[in-house]
Amino acid sequence: MTETWQTIARLAGRLEDHSTLPREQRILLQLLKIQEEAGEVAEAVIGATGQNPRKGHSHSWTDVEAEVCDVIVTGMVALLRMNPDAEAVFATHMEGIVARDLSAVEGAAAQ
């Protein structure tokens, strides 16, 4: 297990230890947390572009990057809470993405 996934496992474990809800509800709430974090990305983008007249430039693009990282971490925690073999599930999924990308690159080069 990589250091990143070890950290994700600690975070997921802490959440599991904290909750008394049934497993299905814990997973559903974790999945909803992804949406909450994505909303924070939107808020940061609005703030970085100064598009809220009441708040002005309330965020930086560094803040946006941090919020995107939070979405990624939250998604990884969700995957691990759903499946204890999350690291392998993710690796397999990435292999599929790589294969599709290589296929697209090769297809474009052939044209």
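Definitions and cut-offs
Residues numbered from 1 in each chain as written. Predicted model: local features only at pLDDT ≥ 70, side-chain atom pairs only at ≥ 80, totals over all residues. Heavy atoms only, no water. Helix = DSSP H or I, 4+ residues; strand = E, 2+ residues; numbered from the N terminus. Rg over C-alpha atoms; globule rule 2.2 N^0.38 Å. Buried < 20%, exposed > 50% of the residue type's maximum accessible area, 1.4 Å probe, protein only. Contact = heavy atoms within 4.5 Å. Areas by Shrake-Rupley, 256 points an atom, 1.4 Å probe, with all protein chains shown as cover. Lys, Arg positive; Asp, Glu negative; His and termini not counted. Charge placed at Lys NZ, Arg CZ, Asp CG, Glu CD. Patch = residues over 30% accessible without salt bridge, like charges linked within 9 Å, V, L, I, M, F, W, Y side chains within 5 Å. Salt bridge = Lys/Arg side-chain N within 4 Å of Asp/Glu carboxyl O. Core = buried A, V, L, I, M, F, W, Y, C linked by side-chain atoms within 4.5 Å. Phe/Tyr/Trp six-rings, centres within 6.5 Å; stacked < 30°, edge-to-face > 60°. Polar contact = N/O pair within 3.5 Å; in protein donor to acceptor, adjacent residues only side chain to side chain.

1. Overview of the overall build of the protein
If you tally the helices and strands in the protein, you get four helices and zero strands. For the protein, the succession of helices and strands along the chain, N to C, is α-α-α-α. Taken over the C-alpha trace, the protein has a radius of gyration of 18 Å; the compact-globule value for 111 residues is 13 Å, which it surpasses by more than 25%. Its C-alpha atoms give the protein principal-axis dimensions of about 55 × 45 × 25 Å. Buried positions account for 18% of the 111 residues belonging to the protein. Long-range pairs, those at least 24 residues apart, make up 60% of the contacts in the protein with a sequence separation of at least 6. With an accessible surface of roughly 7800 Å², the protein has 60% of that area assigned to carbon and sulfur atoms. With 9 positive and 17 negative side-chain charges, the protein shows a separation of 8 Å between the mean positions of the two kinds.

2. Observations concerning a nonpolar patch on the surface
Together, Leu21, Leu29 and Leu32 line one region of the surface with nonpolar side chains, adding up to about 270 Å² of accessible area. When you line up the elements, Leu32 lands in helix α2 (residues 23–49). Of the residues examined, Leu32 reaches a relative accessible area of 57% and is grouped as exposed.

3. Regarding the nonpolar core
The biggest cluster of nonpolar side chains holds seven residues, and these are Trp5, Ile8, Ala12, Met76, Val77, Leu80 and Ala86. Once residues lying within four places of it in the same chain are set aside, the contact partners of Ile8 are Val73, Met76, Val77 and Leu80.

4. Digging into the packing of aromatic side chains
In this structure the tally under the stated criterion is one aromatic pair. Aromatic side chains Trp5 and Phe90 sit 6.3 Å apart centroid to centroid with 55° between the ring planes, which places their arrangement in the tilted category. Residue Trp5 is found in helix α1 (residues 3–18), and its partner Phe90 is found in helix α4 (residues 86–110); the two are separated by 85 residues along the sequence. Look at Trp5 and you get buried, because its relative accessible area is 7%. Overall, Phe90 belongs to the partly exposed group, its relative accessible area being 37%.

5. Some details on the side chain of Gln30
Following the sequence through the fold, Gln30 ends up in helix α2. With a relative accessible area of 6%, Gln30 lands in the buried category. In this structure the side chain of Gln30 is engaged in a polar contact, spanning 3.4 Å, whose partner is the backbone oxygen of Thr74. Apart from residues lying up to four places away in sequence, Gln30 is in contact with Leu15, Thr74, Val77, Ala78 and Arg81.

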